[in-house]
Amino acid sequence: MITLEDIKTAKQNLDGVVHYTPLAHAPILSKQLGANIYLKKENLQLTGSFKIRGAFNKISTLNEQQKNKGVVAASAGNHAQGLAYSAAYYDINATIVMPEATPLTKVSGVKSYGANVILHGANYDEAYSYAQNYAQEKDLTFVHPFADDEVIAGQGTIALEILEQLDQIDMIIIPIGGGGLLTGMATALKALKPSIKIVGVVASGANAMKNSYEEQKILNSKQVKTIADGIAVRDVTPKMLTYITPLVDKIIEVEDQEIASAILFLLERQKIVVEGAGAVGLAAILHNKLDIKGKNIVLPLSGGNIDVTMLAQIIEKGLVKTSRKMNMIVTLVDKPGSLMTLTDIFKQTDANIVQIDYDRNSIQLDFGEANVTIALETKGEEHQEQIREQLKQHNYKFKEI
């Protein structure tokens, strides 16, 4: 096990390199949930994620021979960027193996620091296996993204900052992928303030650590599928399960829909951009997974490197879910004036048309009919119900999509 002294040493190694990120009270969120919510904004960290802490601390401990040969790592993106930045800082060669589905923003970020990128495998674990073999073949130092004591110690420096920034803390809710962040932070927290409850959060599509913790034996997933790509780890490392077990008080899981709603909430209400892994803690409390009433709660927003395409999908689906957008197919008679009659209904109900498509050739249509696929900006469920009633009164066949 790493110790508090290891983490304090890491803090000295990182001094003057990483950002001392803000811990901000979230008044809107606090009022809504009836608790005092504080956000540790690691999404504002260098490279957009906490991962630089562990990567830089590891690189700083290498001897000259290891530095001269170079380093290799496997990563879904954030560890990769942290290691690439750290390698560039020390002017050493770095090769990063990333899963083939890694978001473009993370791949580009790694390359921008001068690292060599190899895309291999359907998930982190396949990339990891390839990277280990590559390191052996090339005689390079393999830097594990979480199962490495120097990396873990670096991640633990977040907890030291939090304790300097806030005195009274009841609970800290920490994302779990491989377990390095939770292990590092919890080691410091339990040593300095053992009264703080440590809760880990996994994505339901990558919940091997939760299942293994509850059964106290390794239970790997057959596959992983989650929008929280930063914590999409299929297999549990035995070492990390051993580390985590005495440190964490509880591990819970959240669904992708809950993660998406948390990302949208932070974007819209807090003006903060986070990736899926960084939003799992908020997802847990927004969807009542924990009793937090009247408590001081800290949420580490672990990263902000979300793919723009994914963010666009989350916004679009969020608008539909909250009844601010309505998508439907309306069948009408294919004759002059029919479309104008339909759009007059939307005008009368004060619904704004943002997209429209006209199809008269579908084999599912009777002759003389046309389908209009339409997207509307709406003002909530009550407004949408008014639109439905107007369409029914005018005898339109329609379905929402």
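Data block above holds the structure.
Residues numbered from 1 in each chain as written. Predicted model: local features only at pLDDT ≥ 70, side-chain atom pairs only at ≥ 80, totals over all residues. Heavy atoms only, no water.

## Looking at the overall build of the chain
And then number 1: When helices and strands are counted, the chain shows 16 helices and 14 strands.
And then number 2: Overall, the C-alpha framework of the chain stretches about 80 × 50 × 40 Å when taken along its three principal axes.
And then number 3: For the chain, contacts bridging at least 24 residues in sequence account for 72% of all contacts bridging at least 6.
And then number 4: Only carbon and sulfur atoms are counted for the fraction: they give 48% of the accessible area of the chain, which is about 17900 Å².
And then number 5: With 40 positive and 45 negative side-chain charges, the chain shows a separation of 3 Å between the mean positions of the two kinds. (Helix = DSSP H or I, 4+ residues; strand = E, 2+ residues; numbered from the N terminus. Contact = heavy atoms within 4.5 Å. Areas by Shrake-Rupley, 256 points an atom, 1.4 Å probe, with all protein chains shown as cover. Lys, Arg positive; Asp, Glu negative; His and termini not counted. Charge placed at Lys NZ, Arg CZ, Asp CG, Glu CD.)

## Quick look at the pattern of salt bridges
And then number 1: Taken as a whole and judged by the stated rule, the model has 22 salt bridges.
And then number 2: Two residues, K289 and E258, come together in a salt bridge whose shortest N-O distance is 3.3 Å. Pair noted here: K289 is in the loop between helix 13 (276–286) and strand 10 (296–301) and E258 is in helix 12 (residues 256–269), with a separation of 31 residues, a long-range link.
And then number 3: Relative accessible area serves as the criterion here: at 13%, E258 is assigned to the buried category.
And then number 4: What emerges from the salt-bridge pattern is a single network uniting K40, E42, R53 and E161. (Salt bridge = Lys/Arg side-chain N within 4 Å of Asp/Glu carboxyl O. Buried < 20%, exposed > 50% of the residue type's maximum accessible area, 1.4 Å probe, protein only.)

## Things to note about the sheet that holds strand 4 (residues 94–98)
Backbone-to-backbone hydrogen bonds join strands into a sheet, with any given pair of strands oriented parallel or antiparallel.
And then number 1: An order of 5-4-3-6 is seen for the 4 strands of this open sheet, with the pairing classed as parallel. Since the sheet does not close on itself, it has two edges, and those belong to strand 5 (116–119) and strand 6 (141–142), each with one partner.
And then number 2: Where strand 3 (residues 71–74) lies against strand 4, 4 bridges are found, and the strand directions are parallel. Within the sheet, the bridge partner assigned to A74 lies in strand 4 and is V97. (Pairing = 2+ DSSP bridges.)

## What about helix 9 (residues 180–192)?
And then number 1: Here helix 9 contains 13 residues, and its C-alpha end-to-end distance of 19 Å stays within 8% of the 18 Å for a straight helix at 1.5 Å per residue.
And then number 2: Within helix 9, 10 of the 13 residues are buried, which leaves it mostly tucked inside the rest of the structure.
And then number 3: Of all the positions in helix 9, only G180, L181, L182, T183, G184, M185, A186, T187, A188 and L189 are classed as buried.
And then number 4: For helix 9, the elements touching its buried residues are helix 1 (4–14), helix 8 (149–165), strand 7 (171–175), strand 8 (197–203), helix 11 (238–244) and strand 10. (Expected span 1.5 Å × (residues − 1).)

## Details of unusual backbone geometry
And then number 1: Despite not being glycine, K271 shows a phi value in the positive range, around 60°.
And then number 2: In this structure, K271 sits in the loop between helix 12 and helix 13.
And then number 3: The phi torsion at S323 lies on the positive side, around 60°, for a residue other than glycine.
And then number 4: Structurally, S323 can be placed in the loop between helix 14 (308–321) and strand 11 (325–333).

## A word on the packing of aromatic side chains
And then number 1: In this structure the tally under the stated criterion is 6 aromatic pairs.
And then number 2: Relative to Y89, the ring of F56 has its centre 5.0 Å away and its plane inclined at 70°; by these criteria the two rings are edge-to-face. Residue F56 is located in helix 3 (residues 51–60), and its partner Y89 is located in helix 5 (residues 78–90); the two are separated by 33 residues in the primary sequence.
And then number 3: By relative accessible area, which is 1% here, F56 ends up buried.
And then number 4: An angle of 25° between the planes, with centres 6.5 Å apart, marks the rings of Y130 and Y134 as stacked. Linking Y130 with Y134, this pair stays in helix 7 (residues 124–138), spanning 4 residues, or about one helical turn.
And then number 5: Y134 sits in the buried class, given a relative accessible area of 17%.
And then number 6: Cluster of aromatic residues (ring-pair linked, three or more members): F56, Y89 and Y90. (Phe/Tyr/Trp six-rings, centres within 6.5 Å; stacked < 30°, edge-to-face > 60°.)

## Details of the sheet that holds strand 11
And then number 1: Read across the open sheet, the 4 strands follow the order 12-13-11-14; overall the sheet is antiparallel. The two strands at the open ends of the sheet, each matched to only one other strand, are strand 12 (352–359) and strand 14 (397–400). Geometrically, the sheet is characterised by an average inter-axis angle of 20° between neighbouring strands, direction not taken into account.
And then number 2: Relative to strand 11, helix 15 (residues 338–348) is tilted by about 145°, and along the sheet it contacts strand 11, strand 12 and strand 13 (369–377). (Axes fitted to C-alpha atoms, helices over the stretch in contact; angles between N-to-C directions.)

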